[in-house]
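# Understanding the architecture of this molecule
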Amino acid sequence: NLSFEVRGANTYTVDAQCVNCHAAGGAGGVAPYVLQDADGQFLANVSWQAPALNNVLLRYSEDEVRYILNYGRPGSPMAAWATARCPRIRARPRG
């Protein structure tokens, strides 16, 4: 049984591959993204500034972070991670 920290690190680097956009240590990075118009037609390839995650709770509440992880950020490279294959991220147990 892997520890919470090991499972989280594995998710960050391997499973969800957060590291590809948010960089090692969650310091922030760059994500490639294709801009499309309302009809889904190509507009441009851009480099999207992915925010730092090592201070995300200074900008958002835990509920807001959980919502972003579950549903993504439309119009950005941030994917929704609550799918049929990956259940919703739930609040951590308190106490």
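What you see is a predicted model; the values in this text were computed from it and never measured.

What follows is about the packing of aromatic side chains. Following the criterion strictly, the structure yields two aromatic pairs and no others. Residues tyrosine 67 and tyrosine 71 carry aromatic rings whose centres are separated by 4.7 Å and whose planes lie at 40 degrees to one another, so their mutual orientation is tilted. Residue tyrosine 67 and its partner tyrosine 71 are located together in helix H3 (residues 62-71), separated by four residues, close to a single helical turn.

Across the protein, pLDDT averages 85, with 86% of residues at or above 70. Of all the helices and strands in the protein, helix H1 (residues 4-15) carries the lowest mean pLDDT, 86, while strand E2 (residues 42-50) carries the highest, 94.

Let's shift gears to the pairing of E2. Here strand E1 (residues 29-36) pairs with E2 via eight bridges, running antiparallel. Bridged to alanine 31 within E2 is tryptophan 48.

What follows deals with the state of the cysteines. With the rule as written, the count across this model stands at zero disulfides. Summary of cysteine pairing: cysteine 18 is not part of a disulfide, and the nearest cysteine sulfur, belonging to cysteine 21, is at 8.5 Å. Among the residues examined, cysteine 18 registers a relative accessible area of 21% and is labelled partly exposed.

With that settled, the discussion passes to unusual backbone geometry. A positive phi angle, close to 55 degrees, is found at glutamine 17, a residue other than glycine. Summarising the element assignment, glutamine 17 is placed in the loop between H1 and helix H2 (19-22). Classification of glutamine 17 as partly exposed rests on a relative accessible area of 41%. One non-glycine residue, alanine 23, lies in positive phi territory at about 70 degrees. Structurally, alanine 23 can be placed in the loop between H2 and E1. Under the relative-accessibility criterion, alanine 23 is labelled partly exposed at 23%.

Before going further, it helps to examine the pattern of salt bridges. Counting across every chain of the model gives two salt bridges. The closest approach of N and O atoms between arginine 66 and glutamate 62, which form a salt bridge, is 3.8 Å. With arginine 66 and glutamate 62 both in helix H3 and four residues apart, the pair spans about one turn of that helix. Taking relative accessible area as the criterion, arginine 66 reaches 13% and is therefore assigned buried. On the basis of relative accessible area, glutamate 62 is assigned to the partly exposed category, the value being 27%. Salt bridges sharing common partners tie together Glu62, Asp63 and Arg66.

The next thing to look at is the environment of alanine 24. Structurally, alanine 24 is set in the loop between H2 and E1. Along the backbone, alanine 24 and alanine 52 are 28 residues apart, and their C-alpha atoms lie at a distance of 10.0 Å.

About the criteria used
Residues numbered from 1 in each chain as written. Predicted model: local features only at pLDDT ≥ 70, side-chain atom pairs only at ≥ 80, totals over all residues. Heavy atoms only, no water. Phe/Tyr/Trp six-rings, centres within 6.5 Å; stacked < 30°, edge-to-face > 60°. Helix = DSSP H or I, 4+ residues; strand = E, 2+ residues; numbered from the N terminus. pLDDT = per-residue confidence, 0-100. Pairing = 2+ DSSP bridges. Disulfide = S-S within 2.5 Å. Buried < 20%, exposed > 50% of the residue type's maximum accessible area, 1.4 Å probe, protein only. Salt bridge = Lys/Arg side-chain N within 4 Å of Asp/Glu carboxyl O.

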